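# Coordinate analysis (summary)
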Amino acid sequence: MSTLASTAAECRPVMQPVPAVIRSVTKETHDTFTLTVAPPQGDPVTAFEPGQFSMLYVFGVGELPISISGDPAVRDTLTYTIRSVGQVTYQLVTRRPGECIGVRGPFGTSWPLKEARGKSVLIVAGGIGLAPLRPAIYSILRHRGDYNRLVILYGSRSPRDLLYRKEFEAWGLLPDTQALATVDYGGVSWRGHVGVVTTLFRLVRMQPQDTVAMICGPEIMMRYAARELEARGLPPSQIYLSMERNMKCGAGFCGHCQLGPYFVCKHGPVFAYREVKPYLDLYEL
Amino acid sequence: MAPTEIRQVLASHPFLEGLPEKYIEMLSKLAFEVSFDQDEVIFREGDPSSLFYLILSGKVALEMAAPGRQIIIQTLDAGDELGWSSLLENTSKQFRARCLEPVRALAFDGARVAALCEEDHEFGYHIMRRALELVAERLRATRFQVLDVYSPKGARGR
């Protein structure tokens, strides 16, 4: 009994949403929005590491895991980029500034920015997977001297689905930085690349042994991308993925997000490729 | 482009990487330099396949007419090959190829290269192996593309 009671007490803080006020809602694409939220009294937000996520709660509707997409150095607000695909996400993106939501977290593991110091960094994003990688990009740019080349590859369904377009173009103009976007289907007015994100690998200028890759996007894209990078000489120990499963508690209690021996919310979402590789090919795991 | 320069360019092109020098020499005698302006159409859907190109600079869009619109299904850049179907007999172009940027390329008469492959099977093996690798890579990419992995249905919630 005492064990159960202490477990319940330990659970309470992480299971309790903290109220947060919506500061802004920005339309990124036809179905994707960026929200900034802040504590109601103007307190600093809880610090987070790039790659971590929060549980966002719309009172009376439901709760979802959403990756933090803002700059970790900004301490007065937290930023989330959300695609409206269901009831809770719709309710989140249609909140107005001043309205309140619940926030739990931040939870989970982060991108290996310390391990990547002294090396080149290859960011591979697919669709809304650019959002969880954006804090890592901000962090690398803030400590630019700690890293060699920075390459950002971004695949999306069509030009109208590309996130953070102006910011992305600006990244591509920075020294020692390559930022390439590609779409699966382009209209005739599109002047950029067309093809899956892995077709951009041949245009990348970096040494595989000296590179750390961080991949986030639909799981099938990450699987193909990781395999292709391995075939191009990148050691599997230098490839990291951000996984997604049906996360509920966010803190490794409930088991909803189990992936083999891991709980994605606690042991992930960022994993070394070698850790999750055996589970990526298993049907419906 | 001078013959020596053509040989150098061919030897360093990714499509021909590792090809024995004597075959680079053979190909260099068939190659001729071409250039296209931005928005110029290199070939149209239904055209007979006659030339294939090794792109040296610029960007080409492969486009297909879909009901009510024209869509770009792939782009090719420097280091890519365009028009591999000209190595086969009695084929026609499946796409329209339009330059998104000014393009420089080395062109070859596909029928003459195919005839050389028939005459010298070792040369033919090298060329067909490269063509097969290219087609396999594009098939992989197309399969991936038709999965429509970024569609909202399969979206990451976070």
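Anyway, here's the lowdown on the structure attached to this text. None of these values were measured; they are calculated from a predicted model.

All names here are of chain A. The six strands lie next to each other as S4-S3-S6-S1-S2-S5, forming an open sheet whose pairing is antiparallel. Both outer strands of the open sheet, strand S4 (62–67) and strand S5 (78–83), are each paired with one neighbouring strand and no more. Direction aside, the axes of adjacent strands within the sheet are offset by 40° on average. As defined by bridge partners, strand S2 (residues 32–38) adjoins S5 across six bridges and the pair is classed as antiparallel. Looking across to S5, one finds that Leu35 is bridged to Tyr80.

Listed per partner, the contact involves 35 residues of chain A and 25 residues of chain B. Elements supplying a minimum of two residues to the side of chain A that touches chain B: S4, strand S10 (186–187), strand S11 (193–194) and helix H5 (219–231) of chain A. The dominant element in the side of chain A that touches chain B, judged by the number of residues it contributes, is S4(A), at four residues. Among the residues forming the side of chain A that touches chain B, the class breakdown is 16 nonpolar, 11 polar and eight charged. In the sheet, S10(A) pairs with strand S5 (residues 69–76) of chain B via two bridges, with the strands oriented antiparallel. Residue pairing across strands places Gly187(A) opposite Ile71(B), the latter belonging to S5(B).

Note on strand geometry: in a regular strand, side chains alternate between the two faces of the sheet. All names here are of chain B. Bridge count between strand S2 (residues 41–43) and strand S7 (residues 96–99): two bridges; the pairing is antiparallel. Note on S7: the bridge partner recorded for Val41 is Arg98. Bridge analysis of strand S4 (residues 60–66) against S7 gives four bridges, and the strand direction is antiparallel. Looking at the pairing, Val60 lines up with Cys99 of S7.

The subject of this paragraph is the packing of helix H3 (residues 110–119) of chain B against helix H4 (residues 121–146) of chain B. Residue and element names in this part refer to chain B. Their axes nearest at 6 Å, the elements H3 and H4 cross at an angle of 130°. Classified by the angle between their axes, H3 and H4 sit oblique to one another. Pair H3 / H4 crosses with left-handed handedness. Two secondary-structure elements touch here, H3 through Val113, Leu116, Cys117 and Glu118 and H4 through Phe123, Gly124, Ile127 and Met128. Partitioning the contact of H3 with H4 into residue classes produces six nonpolar, one polar and one charged.

Cut-off values and rules
- Residues numbered from 1 in each chain as written.
- Chains lettered and ligands numbered in written order.
- Predicted model: local features only at pLDDT ≥ 70, side-chain atom pairs only at ≥ 80, totals over all residues.
- Pairing = 2+ DSSP bridges.
- Helix = DSSP H or I, 4+ residues; strand = E, 2+ residues; numbered from the N terminus.
- Axes fitted to C-alpha atoms, helices over the stretch in contact; angles between N-to-C directions.
- Contact = placed C-beta atoms within 7 Å.
- Nonpolar A, V, L, I, M, F, W, Y, C, P; charged D, E, K, R; others polar.
- Parallel < 35°, antiparallel > 145°, perpendicular 65-115°, else oblique.
- Left-handed = near helix turned anticlockwise from the far one by under 90°.

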